[in-house]
Amino acid sequence: MEQCTDDEVNRMLFLVSEQRREQALNFKFTFGRFVCLKAVVILQQMLTELGVIAVGRKVEFDYGEHGKPSLKGIPGIFFNISHCKNGIAVAVDDSPVGIDIECFHEADEGLMRKTMNAEECRCIINADNPKKEFTRLWTQKEAVLKLRGTGLIDDLHGVLNGDELVESHVVDEKQYVWTVARLG
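Residues numbered from 1 in each chain as written. Predicted model: local features only at pLDDT ≥ 70, side-chain atom pairs only at ≥ 80, totals over all residues. Heavy atoms only, no water.

Engineer: Help me understand the overall build of the chain in this model?
Structural biologist: The number of helices and strands found in the chain is 6 helices and 7 strands. Rg of the C-alpha trace for the chain: 17 Å, near the compact-globule value of 16 Å for 184 residues, within the 12% margin. Seen through its C-alpha atoms, the chain measures out along the principal axes to roughly 50 × 35 × 25 Å. A burial count over the chain gives 42% of its 184 residues as buried. Once local pairs closer than 6 in sequence are excluded, the contacts in the chain between residues at least 24 apart make up 51%. (Helix = DSSP H or I, 4+ residues; strand = E, 2+ residues; numbered from the N terminus. Rg over C-alpha atoms; globule rule 2.2 N^0.38 Å. Buried < 20%, exposed > 50% of the residue type's maximum accessible area, 1.4 Å probe, protein only. Contact = heavy atoms within 4.5 Å.)

This is the structure we're talking about:
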């Protein structure tokens, strides 16, 4: 995130499609523009390295009913993007995938009750680092919902009771957790 400058934003504007350029320029602050562009630049690099697109191709997106993006004109390849103030996460797969990255986040009792079931609340309360545990569980829920393409739902308590494969990674030195979810 050290690269988050107006100069870097201006450089990346020419590396993405007009569609993404317009989306990025809708953000008021440099940070929003930066992550909007950088995530797609990373995605394009990954797709190039995998041989899915030619070098220099700019991807465009279609959007599902709840806003889940897909690659326009590239069937059979799935991706997901997430970012927080400390990092950007991009996942690419040949089956649906969801990813979330979040900075360690304090959860008060009300937020826990609203977003976590009783067992998850116990795990958070009894954890050595409750902020880290809350963030781990939250990223799991969000990655699963992004995988499903539903967006955030009202009842988050049973989200992790599905057949999805969920893998979390804690990055203590950068104070974030990232989680990827795939179909089981």
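Engineer: What am I meant to see in the pattern of salt bridges here?
Structural biologist: If the charged atoms of two oppositely charged side chains come close together, the side chains can form a pair. Inspection of the entire model under this criterion finds 9 salt bridges. In this structure, Glu-119 engages Arg-122 in a salt bridge whose closest nitrogen and oxygen atoms are separated by 3.0 Å. Within this pair, Glu-119 and its partner Arg-122 are both found in helix 5 (residues 118-126), separated by 3 residues, close to a single helical turn. For Glu-119, a relative accessible area of 44% puts it in the partly exposed group. Between Glu-133 and Arg-136 there is a salt bridge, and its shortest N-O distance comes to 2.6 Å. Highlighted residues: Glu-133 and Arg-136, both in helix 6 (residues 130-148), separated by 3 residues, approximately one helical turn. (Salt bridge = Lys/Arg side-chain N within 4 Å of Asp/Glu carboxyl O.)

Engineer: How do you make sense of the packing of helix 2 (residues 18-25) against helix 3 (residues 30-49) when you look at a structure like this?
Structural biologist: When two helices pack together, you describe them by how their axes are tilted relative to each other and by the distance separating the axes. At a closest axis distance of 8 Å, the pairing of helix 2 and helix 3 adopts a crossing angle of 155°. In terms of axis orientation, helix 2 runs roughly antiparallel to helix 3. Between helix 2 and helix 3 the crossing geometry is right-handed. Each of Arg-20, Gln-23, Ala-24 and Leu-25 in helix 2 lies in contact with helix 3, whose residues at this interface are Arg-33, Cys-36, Leu-37 and Val-40. (Axes fitted to C-alpha atoms, helices over the stretch in contact; angles between N-to-C directions. Parallel < 35°, antiparallel > 145°, perpendicular 65-115°, else oblique. Left-handed = near helix turned anticlockwise from the far one by under 90°.)

Engineer: Just to check I follow, could you spell out the nonpolar core for this structure?
Structural biologist: Soluble globular proteins tend to bury their nonpolar side chains together. Among the nonpolar cores identified, the biggest contains 24 residues, and Leu-43, Leu-47, Val-59 and Leu-71 are the most heavily contacted of them. Contributing elements (two or more residues each) for this core: helix 1 (6-12), helix 3, strand 3 (78-84) and strand 4 (87-93). Of the residues forming this core, the biggest block, 9 residues, is contributed by helix 3. With residues up to four places along the chain from it excluded, the contact list for Leu-43 reads Val-59, Phe-61, Leu-71, Phe-79, Ile-81, Val-90 and Val-92. (Core = buried A, V, L, I, M, F, W, Y, C linked by side-chain atoms within 4.5 Å.)

Engineer: How should I be thinking about helix 5 in this particular structure?
Structural biologist: Given 3.6 residues per helical turn, the α-helix brings residues three or four places apart onto the same face. Looking at helix 5, one finds that the buried residues are Glu-120, Cys-121 and Ile-124. Angular distribution of buried residues about the axis of helix 5 spans 100°; they occupy a single face of the element. In helix 5, those exposed residues whose orientation departs by more than 90 degrees from the buried face are Ala-118 and Asn-126. Against the buried residues of helix 5 lie helix 4 (109-115) and helix 6. The N-capping residue of helix 5, defined by a side-chain oxygen 3.1 Å from the backbone nitrogen of Glu-119, is Asn-117. (Arc of directions from axis to C-beta. Polar contact = N/O pair within 3.5 Å; in protein donor to acceptor, adjacent residues only side chain to side chain.)

Engineer: How should unusual backbone geometry be read in this particular structure?
Structural biologist: For residues besides glycine, phi is generally negative; the peptide bonds are generally trans as well. Phi angles above zero are rare outside glycine, and Gln-175 is one such case at about 60°. Residue placement: Gln-175 occurs in the loop between strand 6 (165-171) and strand 7 (176-182).

Engineer: I keep staring at the pairing of strand 7 and nothing clicks. Help me out?
Structural biologist: In regular strands, side chains alternate between the two faces of the sheet. In terms of residue burial, strand 7 counts as a mostly covered element, since 5 of its 7 residues are buried. Strand direction decides the pairing type here: strand 5 (residues 97-103) and strand 7, joined by 7 bridges, are antiparallel. Paired with Cys-103 across the two strands is Tyr-176, which belongs to strand 7. With 7 bridges joining them, strand 6 and strand 7 adopt antiparallel strand pairing. Residue pairing in the sheet places Val-170 in a bridge with Val-177 of strand 7. Connecting the antiparallel pair strand 6 and strand 7 is a turn made up of 4 residues, with Gln-175 showing a positive phi of about 60°. (Pairing = 2+ DSSP bridges.)

Read these as geometric descriptors, not functional statements.
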